[in-house]
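What the coordinates show
Listed below, chain by chain, are the residues.
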Amino acid sequence: CDAVVCAMGAWSVLLEDWIGAETGLSVPLEGVYSSSIVFEGSPEVAAEPCALFCAEDSNSCHLEVYPRVDGSVYLCGIGGSDHVRGARLREGGDLQDASLMKANPDRVAAAVASFQGMAPFARGQTPKIEQACMRPCAPDAMPVLGLVPGTANV
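None of these values were measured; they are calculated from a predicted model. (Residues numbered from 1 in each chain as written. Predicted model: local features only at pLDDT ≥ 70, side-chain atom pairs only at ≥ 80, totals over all residues. Heavy atoms only, no water.)

**So, the overall build of the protein chain**
Quick note on the threshold: Secondary structure is summarised from DSSP: a helix means a run of H or I of at least four residues, a strand means a run of E of at least two, and numbering begins at the N terminus for each. Only C-alpha atoms enter the radius of gyration, while the globule expectation follows 2.2 Å times N to the 0.38, with N the number of residues. Burial classes: relative accessible area under 20% of the type maximum marks a residue as buried, over 50% as exposed, and values in between as partly exposed (1.4 Å probe, protein chains only). Here a residue-residue contact requires only that any non-hydrogen atoms of the pair lie within 4.5 Å. Computed with the Shrake-Rupley method and a 1.4 Å probe, the accessible areas treat only the protein chains shown as cover for residues. The positive count covers Lys and Arg only, the negative count covers Asp and Glu only, and His and the chain ends enter neither. A single reference atom marks each charge: NZ on Lys, CZ on Arg, CG on Asp, CD on Glu.
When helices and strands are counted, the protein chain shows 4 helices and 6 strands. Along its sequence from the N terminus, the protein chain presents helices and strands in the succession α-β-α-β-β-β-β-α-α-β. Since a compact globule built from 154 residues should have a radius of gyration of about 15 Å, the 19 Å found for the protein chain marks it as more spread out than a globular shape. Counting only C-alpha atoms, the protein chain reaches 60 × 30 × 25 Å along its principal axes. Here the protein chain, with 154 residues, has 38% of them falling under the buried criterion. Taking as baseline every contact in the protein chain between residues at least 6 positions apart, the subset at least 24 positions apart corresponds to 66%. When the accessible surface of the protein chain is summed, it comes to about 8,900 Å², and 56% of that surface belongs to carbon and sulfur atoms. Across the protein chain, the mean location of the 9 positive side-chain charges is 5 Å away from that of the 19 negative side-chain charges.

This is the structure in structure tokens:
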């Protein structure tokens, strides 16, 4: 092939294992493992979809509230994010595969309490989706871009 692009998020550290010895490649990434939830929405939410960014509250949440066009509401900023380094992302690590990521139930409960306190339509509801994500983070917060040392197309 003419070129290879490696876009594996925090799991890009695996490139060190695969081609690091030959190239001297070092991938300075860690992951930020966070939970998020989605509530069923309402026609009112769909009619006036305004994002909301909250300060930290008594549940240790700093909610980010994102209404969607279908009226559902995506919530992140629910606190308790975990900084994950290389060994946990590699073979044998507890997060070696994205399918192993689960929402933190304690943080989900905190977010539900916080959101239900501000959104009457959500009272009595449970989230329709509880999920987790891994955001890649470099030490300088800049994207990791460029050719792998010693290669012309990777």
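That covers the picture; the talk isn't over yet.
**Considerations on unusual backbone geometry**
Even without a glycine there, the phi angle at serine 60 is positive, about 60°. By the element assignment, serine 60 lies in the loop between strand 2 (52-53) and strand 3 (64-67). A positive phi angle is found at alanine 141, which is not glycine, with a value near 65°. Its location among the elements puts alanine 141 in the segment after strand 6 (129-137). The exposure class of alanine 141 is exposed, given its relative accessible area of 62%.

**Re helix 4 (residues 105-118)**
To keep it simple, the criterion reads: Expected span of a helix, by definition, is 1.5 Å for each gap between consecutive residues, and there is one gap fewer than residues. N or O atoms within 3.5 Å of each other form a polar contact, as long as, within protein, one can give a hydrogen and the other can take it, and as long as residues adjacent in sequence are counted only when both atoms are side-chain atoms.
Look at helix 4: 20 Å from first C-alpha to last across 14 residues, which is about the 20 Å you get at 1.5 Å a residue. All buried positions along helix 4 are accounted for by Arg107, Val108, Ala110, Ala111, Val112, Ser114, Phe115 and Gln116. Those residues of helix 4 that are buried are in contact with strand 1 (30-39), strand 3, strand 4 (73-76) and strand 6. Among the residues of helix 4, the N-terminal cap falls to asparagine 104, whose side-chain oxygen and the backbone nitrogen of aspartate 106 are separated by 2.9 Å.

**Observations regarding the pattern of salt bridges**
Defined as follows: For salt bridges, the criterion is a side-chain nitrogen of Lys or Arg within 4 Å of an Asp or Glu carboxyl oxygen.
According to the stated counting rule, one finds 5 salt bridges in the structure shown. Of the charged contacts, one joins aspartate 17 and arginine 90 as a salt bridge, the two residues approaching to 2.8 Å between their closest N and O atoms. Taken together, the residues span a long stretch of sequence, with aspartate 17 in helix 1 (residues 14-23) and arginine 90 in the loop between helix 3 (86-89) and helix 4 at a distance of 73 residues. A relative accessible area of 46% means that aspartate 17 is categorised as partly exposed. Sharing partners across several salt bridges, the network here consists of Glu16, Asp17 and Arg90.

**A few points about the environment of phenylalanine 53**
Relative to the helices and strands, phenylalanine 53 resides in strand 2. In this structure phenylalanine 53 comes out as exposed when scored by relative accessible area, which is 54%. The spacing of phenylalanine 53 and tyrosine 66 is 13 residues in sequence and 8.9 Å in space, taken between C-alpha atoms. Once you skip the residues sitting within four places of it in the chain, phenylalanine 53 turns out to touch Leu63, Glu64 and Tyr66.

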